[in-house]
Amino acid sequence: SRPASGAMYAPSAWAATPGTVERTPRAPGLGAAFVPLSATAVADAIFDEIRLSGTETRPPELTDRHLEVLASIFDEKHLGNALELVQSGKVKRLVAHRSRRWCFQVRGRTVNETYLCYPDAFCSCRAFQWDVISRGEKVACKHQLAVKLATAVNVVCDSEVTDLLMAQLLEAYARGGGEKKQNK
């Protein structure tokens, strides 16, 4: 039940395939000429919209419409798990003192679980390796999604660390041991 040629498709089909959200016509009347719209592009536009909704006196607002679109991309349960991480303050940006390099650290369910996360590229959790990379079933893991949500609504806690500690953390995660250590 697709709309007539040239009509825009409804957002309800956005979660059909990870990586490609929807195909929209280039211009009315062009029939089958469609341009793919990536799921990450749509999600990033929503995160930008959330971020820009704040002012100097009012924090950014996450609306029902934002949640609906994000749930159609990431799935409701996945989004809920990420929101839980944000609401419980488990997202932290680690900033190296001298170099100002940064990464995110997201705490897991237990105090011994922490994951190194770069929201657009990497997470040290198993779900990222399996669901995002190996099987390609998800656009992002819940930790990456939590980082994007936390930065969009401006609730990320910054923690300054030494450059040496930052290097040690990155090395530990590269070896696969980062998720078992509790750091800061």
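Structure shown above.
Predicted model only: the values in this text are computed from it and were never measured.

> Hey, could you run me through the pattern of salt bridges in this one?
Proximity of charged atoms lets side chains of opposite charge pair with each other. Tallied over the full model, the rule gives nine salt bridges. With its nearest N and O atoms 2.7 Å apart, the salt bridge here joins Lys148 to Asp44. Placement of Lys148 in helix α5 (residues 142-152) and of Asp44 in helix α1 (residues 39-52) is noted, with a sequence separation of 104 residues between them. Among the residues examined, Lys148 registers a relative accessible area of 15% and is labelled buried. Here Asp75 and Lys138 are joined by a salt bridge, their closest N and O atoms 3.9 Å apart. Highlighted residues: Asp75 in the loop between α2 (64-74) and α3 (76-87) and Lys138 in the loop between α4 (126-134) and α5, separated in sequence by 63 residues. Looking at Asp75, the relative accessible area reads 35%, which means it is partly exposed. According to the relative accessible area criterion, Lys138 is partly exposed, its value standing at 26%.

Parameters at a glance
- Residues numbered from 1 in each chain as written.
- Predicted model: local features only at pLDDT ≥ 70, side-chain atom pairs only at ≥ 80, totals over all residues.
- Heavy atoms only, no water.
- Salt bridge = Lys/Arg side-chain N within 4 Å of Asp/Glu carboxyl O.
- Helix = DSSP H or I, 4+ residues; strand = E, 2+ residues; numbered from the N terminus.
- Buried < 20%, exposed > 50% of the residue type's maximum accessible area, 1.4 Å probe, protein only.

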